[in-house]
Amino acid sequence: MPSARNVLILAILLVAAGSLAFATGATVIDSDADTVADGDLEIQPTDDPNGQYAYLNDDDEIAIDISASNPKIRDPSFEGVNVGATGVIDSILEITYTGDQYANVCIGYPNESVTFIADGNSVECGTTNVTLAPNQTVTVGLNIDTRGATVGAQLGADEFSIEAKIAEPDDATTVTAGVSTQQIGGGDPTTTVKAPSDNRREFTGTDIEQGDQVRFDADRMHLADGNVTLEGIDLDGVRTGSVELDAVGNATPFGNGSALTAPTTPRPMAYLRVDHGFAPDEVDEMAIRFSVDRDHLNATGTDPDDVTFYRQTDAGEWAEKPVERVDEEVVRVMGLPEDSVHFRATTTDFSTFAVAERVPRFDVTEAAVAPEAIDPGDEAAVRATLRNGGGAAGERRVTLTANGDPVANRTVALAPNETTTVALAGTFPDAGEYDLAVAGADAGTLLVGDPAGEGSESDGTDAGTDTGATADENARGGASSVDGGDEPGAGSTDEPGAGSADDPTEEPSAIDLVELGGLLAGVTLSLAGIALVRRLQRS
Amino acid sequence: MTASSTQRSDETGANRNPDGSGLRHDLAAGIRLADVLVLAAVPALLGAVFTLPESTRRSLAFAYTDPTLLTAFTAHYVHLDPGHLAGNVAGYCLLVGVGYALAVLGDARRFFLTALATFLLAFPFVLSALNLAVPRNAIGFGFSGINMALSGLLPLLLGAYARERIVPGASIRALPAVFFGLVGWIALLALPLSAADLGVAGIATGVAGALLAVLYASSAGISIRASAADIARAVASRPGDGELFVVGAVLVVGYPVVGFPTDPAVAGSVVNLYVHFLGFCLAFIGPFALFATGTFEEE
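Residues numbered from 1 in each chain as written. Chains lettered and ligands numbered in written order. Predicted model: local features only at pLDDT ≥ 70, side-chain atom pairs only at ≥ 80, totals over all residues. Heavy atoms only, no water.

1. Concerning the pairing of strand 16 (residues 200–206) of chain A
All names here are of chain A. We count it as follows: Should DSSP find at least two bridges between two strands, the strands are taken to pair. What counts as a helix is a DSSP run of H or I of at least four residues, what counts as a strand is a run of E of at least two, and both are numbered from the N terminus.
As judged from the six bridges shared by strand 15 (residues 190–197) and strand 16, these two strands associate in the antiparallel manner. Bridge pairing in strand 16 places Thr-192 opposite Thr-204. Counted along the chain from strand 15 to the antiparallel partner strand 16, the turn is two residues long. Two strands pair when backbone bridges link them, and strand 16 and strand 19 (residues 243–250) are joined in this way by six bridges, in the antiparallel orientation. For Thr-204, the partnering residue across the bridge sits in strand 19 and is Glu-244.

Okay, here's the thing in structure tokens:
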């Protein structure tokens, strides 16, 4: 709920303009409702506290007003929504379909700051819609993001439309039929799958015997449009007579959930929320079968082997789950759609999931220039250690810059968790001070001395003394690469030296003095421990 | 070595005093000046090489793209910066000091000196040659490959010492179990631990090493629990002897931590863990074969 402030006020005022495309028998449930679609849709404020933001105006049109002008809000201190606020105001109004068929309902309101949502998902026309059965009601709220809005601006103040159409025959197999019941053989569990909308399934399993497997088919439920779809959910080792599952898919994080984050920075492709009506310990394992359209994989440059699956833990963290790609031969034999790549993920806990792509992430863990002072025209080399902290192999062009200008680059290929060291070198004809960076990471400062001066290391004087370079001279001037060869695959081995160009990598056989000190400390502690034991024995 | 282990134990027991003076006495009696001079010659040599001009030292490093027989040997005595030299000299002093003491008191002095001579003279060629198995544009140098060889020898010296002064009659046959355990330990230290790819290899090798150690010990008829209890009682009851055994044991387990850092990349160079591992393994396997067959039984 937005709180009031003296400044930074934003008012949202929306008025519905009913528009509907079909006419059947109309029923108005009560008098405090706005009816559209010839009465087949009824819109009214909810009884929840947030229902105060909606009311019927003088024209009996539903209006949403989140500002001080809302006649239902009695609190004099309430002024509106803060600028810069983000959040969800749910359960503002509810829409009931009173017709006798099925209706796809959406709300038309093209505004970047305000999104109509139902169950955390957008219901705005053009993205997705919600399918209502006769006398079914959906509760609608607002997702608000006023970052970038102007103080005092009136956001909204125009009309939104509630649009509906009868489910097309194509949809009817999913929606009107809506409910499919399956029983395989005598004694097997009976499964029922309801499809209220493209991105929602309600699974029910009954007649389950101890330890049974229950297999639900989701009939390509949309997780992210039609590109990522849920094929089904299998429950193994069920120890209850009946189970209920609700699955909802979405291309973006759910309204009250967080986006996928993990140390390897995977790219989320779709989200899936599974609510269940049984205790977690009543099912041994759940397998989630999903598929990704081949054209979508090609269009996004996604390697099917990099598709993975995450589960959000109770603590909000995202944990990668085992996922396997279904063999193409199995796909053919099983009669699965061959225009998609099929996957099967397993989990023992249920919550929110994400389908994601493992991607490479290159981090510069160390970068240093040597020598730090040179004469004009001499060469300086930066040795940088890169690590692929992502979850997939990849290659990246790494650029050495001096005062922001590129000097040299290399293409480095690394497997996940692989580290390599590359050398990037350039000659610097002009005197000055250069801030060096590798892939944006600081690599130190290079002093290029005046040949007539005393600033260069090769002169045998203090490399840190003033080279006499002016600010203009310090600007990047004429540095040239001597290491500019772009060699794909350089550094692709585990040997850090493999990526360097001309200079061989130094591989000392060395030990660290500090760690050696730690070892001596361990020896000392052990001896002290023996002395203590002996003393205890004597006493 | 002609007396039985039990007899030796009785003999050394006569010199064992509650304050540990027996160990000091035995040690003083066993140390020879010539040995000390030989051992001290190594740091002196390393220091002398370090005084050479850097360009000369670089020319003595082993370039994998241009290997020569000379640099295959000299590279192991070359250091390019003082920190590198200091670390290796300190490690050598620690390992060779404790190793020599264990050898003298464990009737394995000749075995130790022979092994050391092998490490100093032959191992440089072997380690450099094996480095060529992984072609890359790099140069190798430094003494820690030989230091790791000393680390690999330490379990053998510790076993000989334990047989003489801690648990008389202890079997040397169980030492490969220690080796397998240490290899697993090194894998856990050197390989990144994760649930994927190389991380799994590290964990798997670590677990396999531990299992092999247990299986080998069992097949040799040795109860790890009973042996550990015997050693603990002996260590607690034998001042001097117990302390030296513990120092040796801590070095056996702790030196791999120093020699196999998790992140080998340091300031633009990378520690050659491959050479470290080769040195450690070769120094255990070869000498153990000779040691177990009694080749170095001292008269």
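Right, picking up where we left off after that structure.
2. Looking at the sheet that holds strand 2 (residues 138–141) of chain B
The strand order across the open sheet built from three strands is 36(A)-2(B)-1(B), with neighbouring strands paired in mixed fashion. Because the sheet does not close on itself, it has two edges, and the strands there are strand 36 (505–508) of chain A together with strand 1 (62–63) of chain B. Looking at chain direction, strand 36 of chain A and strand 2 of chain B are connected through four bridges and run parallel. Bridge pairing links Glu506(A) to Ile139(B) in strand 2 of chain B.

3. Observations concerning the interface of chain A and chain B
Selection rule: Any two residues whose heavy atoms approach within 4.5 Å are treated as being in contact. When two parts are put together, the accessible area they lose, computed with a 1.4 Å probe and summed over both, is reported as buried area. For salt bridges, the criterion is a side-chain nitrogen of Lys or Arg within 4 Å of an Asp or Glu carboxyl oxygen. Polar contact is the term for a pair of N or O atoms within 3.5 Å; when the atoms are in protein, one must be able to donate a hydrogen and the other to accept it, and sequence-neighboring residues count only if both atoms are side-chain atoms. As a working rule, the residues Ala, Val, Leu, Ile, Met, Phe, Trp, Tyr, Cys and Pro are called nonpolar, Asp, Glu, Lys and Arg charged, and the rest polar, with Gly in that last group.
The partner chain B presents 51 residues to the 35 residues of chain A that form the contact. Summing the contributions of chain A and of chain B, the shared interface buries around 3,300 Å²; its carbon and sulfur component is 63%. The largest share of the area that chain A buries against chain B comes from Glu507(A), Ser509(A) and Ile511(A), three residues that together contribute 21% of it. For the pair chain A and chain B, the number of links is zero salt bridges. At the junction of chain A with chain B, the criterion picks out zero residue pairs in polar contact (both at pLDDT 80 or more). With 13 residues, the single largest contributor to the side of chain A that touches chain B is helix 5 (residues 513–538) of chain A. For the side of chain A that touches chain B, the per-class residue count stands at 15 nonpolar, ten polar and ten charged.

4. Looking at the confidence of the model for chain A
Rule in force here: A residue's pLDDT is the predictor's confidence in that residue, given on a scale from 0 to 100.
In this model, chain A carries a mean pLDDT of 74, and residues with pLDDT of at least 70 account for 76%. For chain A, per-element mean pLDDT is lowest for helix 4 (residues 471–474) of chain A, which scores 32, and highest for strand 25 (residues 340–347) of chain A, which scores 92.

5. A short note on the packing of helix 9 (residues 144–166) of chain B against helix 13 (residues 241–259) of chain B
All names here are of chain B. Here is the rule we go by: Every axis corresponds to a line fitted to the C-alpha atoms, with the helix fit spanning only the stretch in contact, and the corresponding angles, defined between N-to-C directions, vary from 0 to 180 degrees. In these notes the angle categories are as follows: under 35 degrees is roughly parallel, over 145 is roughly antiparallel, 65 to 115 is roughly perpendicular, and the rest is oblique. Working rule for handedness: look at the near helix, and if it is turned counterclockwise from the far one by less than a right angle, call the crossing left-handed; if clockwise, right-handed.
Viewed as axis vectors pointing N to C, helix 9 and helix 13 meet at an angle of 160°, and their least axial separation amounts to 10 Å. With respect to helix 13, the axis of helix 9 lies roughly antiparallel. The way helix 9 lies across helix 13 gives a crossing that is left-handed. Of the residues in helix 13, those in contact with Asn-147, Met-148, Ser-151, Leu-154, Pro-155, Leu-158, Tyr-161, Ala-162, Arg-165 and Ile-166 of helix 9 are Asp-241, Gly-242, Leu-244, Phe-245, Gly-248, Ala-249, Leu-251, Val-252, Tyr-255 and Gly-259. Of the residues belonging to the contact of helix 9 with helix 13, the class tally is 13 nonpolar, five polar and two charged.

6. Observations regarding the side chain of Arg289(A)
Residues and elements named next belong to chain A. Looking at the secondary structure, you find Arg-289 in strand 21 (residues 283–293). Side chain to side chain, Arg-289 and Asp-217 meet in a polar contact 3.3 Å long. Among all residues touching Arg-289, those that are not within four sequence positions of it are Arg-215, Phe-216, Asp-217, Thr-229, Leu-230, Glu-231, Gly-232, Ile-233, Asp-234, Phe-343 and Arg-344.

7. A word on the sheet that holds strand 25 of chain A
All names here are of chain A. Ordered by their spatial adjacency, five strands build an open sheet running 17-18-21-25-24, and the pairing between neighbours is antiparallel. Each edge of the open sheet carries a strand with a single partner, namely strand 17 (212–224) and strand 24 (323–325). Taken over all neighbouring pairs, the strand axes of this sheet differ in orientation by 20° on average, direction set aside. Summarising the sheet, strand 17 and strand 18 (residues 228–238) pair through eight bridges and their orientation is antiparallel. By the bridge assignment for strand 18, Asp-217 is matched with Gly-232.

8. Quick word on the confidence of the model for chain B
Residues and elements named next belong to chain B. When pLDDT is averaged along chain B, the result is 83; 88% of the residues meet or exceed 70. The least confident element of chain B is helix 1 (residues 5–14), whose mean pLDDT is 40; the most confident is helix 3 (residues 33–50), at 94. Across residues 1–15, where pLDDT falls below 50, the model places 23 contacts with residues more than four positions away in sequence or in other chains. With pTM at 0.43, the complex prediction returns an ipTM value of 0.78.

9. Some remarks on the pattern of salt bridges
For clarity, the threshold we go by: Here the term buried applies to any residue with accessible area under 20% of the maximum for its type, exposed to any over 50%, and partly exposed to those in between, with areas from a 1.4 Å probe on protein chains only.
If you walk through the whole model with that rule in mind, you get 19 salt bridges over all chains. Arg220(A) serves as the salt-bridge partner of Asp339(A), at 3.8 Å between the closest nitrogen and oxygen. Here Asp339(A) is found in the loop between helix 3 (328–334) and strand 25, whereas its partner Arg220(A) is found in strand 17, with 119 residues between them in sequence. A residue is classified by how much of its surface remains accessible, and Asp339(A), at 40% relative accessible area, is partly exposed. With a closest N to O distance of 2.8 Å, Arg165(B) and Asp241(B) form a salt bridge. Linking Arg165(B) in helix 9 with Asp241(B) in helix 13, this pair joins segments that are 76 residues apart in sequence. The structure contains a network of salt bridges with shared partners spanning Arg215(A), Asp217(A), Asp234(A) and Arg289(A).

10. Notes on the nonpolar core
All names here are of chain B. This is how it is decided: Nonpolar cores are built from buried Ala, Val, Leu, Ile, Met, Phe, Trp, Tyr and Cys residues. Side-chain atoms within 4.5 Å join them into one set.
Phe-112 and Phe-119 are the most contacted members of the largest nonpolar core, which totals 76 residues. Of the residues forming this core, the biggest block, 13 residues, is contributed by helix 9. Not counting residues within four places of it along the chain, the set of residues in contact with Phe-119 comprises Pro-124, Ile-146, Ala-149, Leu-150, Leu-153 and Ala-283.

11. Quick notes on the environment of Asp435(A)
Residues and elements named next belong to chain A. Position of Asp-435 among the secondary structure elements: in strand 33 (residues 432–438). Once the C-alpha coordinates of Asp-435 and Thr-401 are considered, the two residues, 34 residues apart in sequence, prove to be 8.0 Å apart. In contact with Asp-435, not counting residues within four places along its chain, are Thr-401, Ala-402, Asn-403, Gly-444 and Thr-445. Polar side-chain contacts of Asp-435 include one of 3.3 Å to the side chain of Thr-445.

12. Thoughts on unusual backbone geometry
All names here are of chain A. Pro-371 follows Ala-370 through a cis peptide bond whose omega is -10°. Along the chain, Pro-371 falls in the loop between strand 27 (362–370) and strand 28 (373–374). Here the phi dihedral of Asn-417 falls at roughly 70°; this positive angle occurs in a residue that is not glycine. As for its placement among the helices and strands, Asn-417 is situated in the loop between strand 31 (405–414) and strand 32 (419–428). Classification of Asn-417 by relative accessible area gives partly exposed; the value is 32%.

13. Quick notes on the packing of aromatic side chains
Residue and element names in this part refer to chain A. The test is simple: Two aromatic rings from Phe, Tyr or Trp, using only the six-membered ring of Trp, form a pair when their centres are within 6.5 Å; if the ring planes differ by under 30 degrees the pair is stacked, by over 60 it is edge-to-face, and anything between is tilted.
One pass over the structure, following the stated rule, counts 19 aromatic pairs over all chains. Aromatic side chains Phe-290 and Phe-309 sit 5.3 Å apart centroid to centroid with 20° between the ring planes, which places their arrangement in the stacked category. A residue pair is termed long-range when its members are at least 10 positions apart, and Phe-290 in strand 21 and Phe-309 in strand 22 (residues 307–312) qualify at 19 residues. In this structure Phe-290 comes out as buried when scored by relative accessible area, which is 1%.

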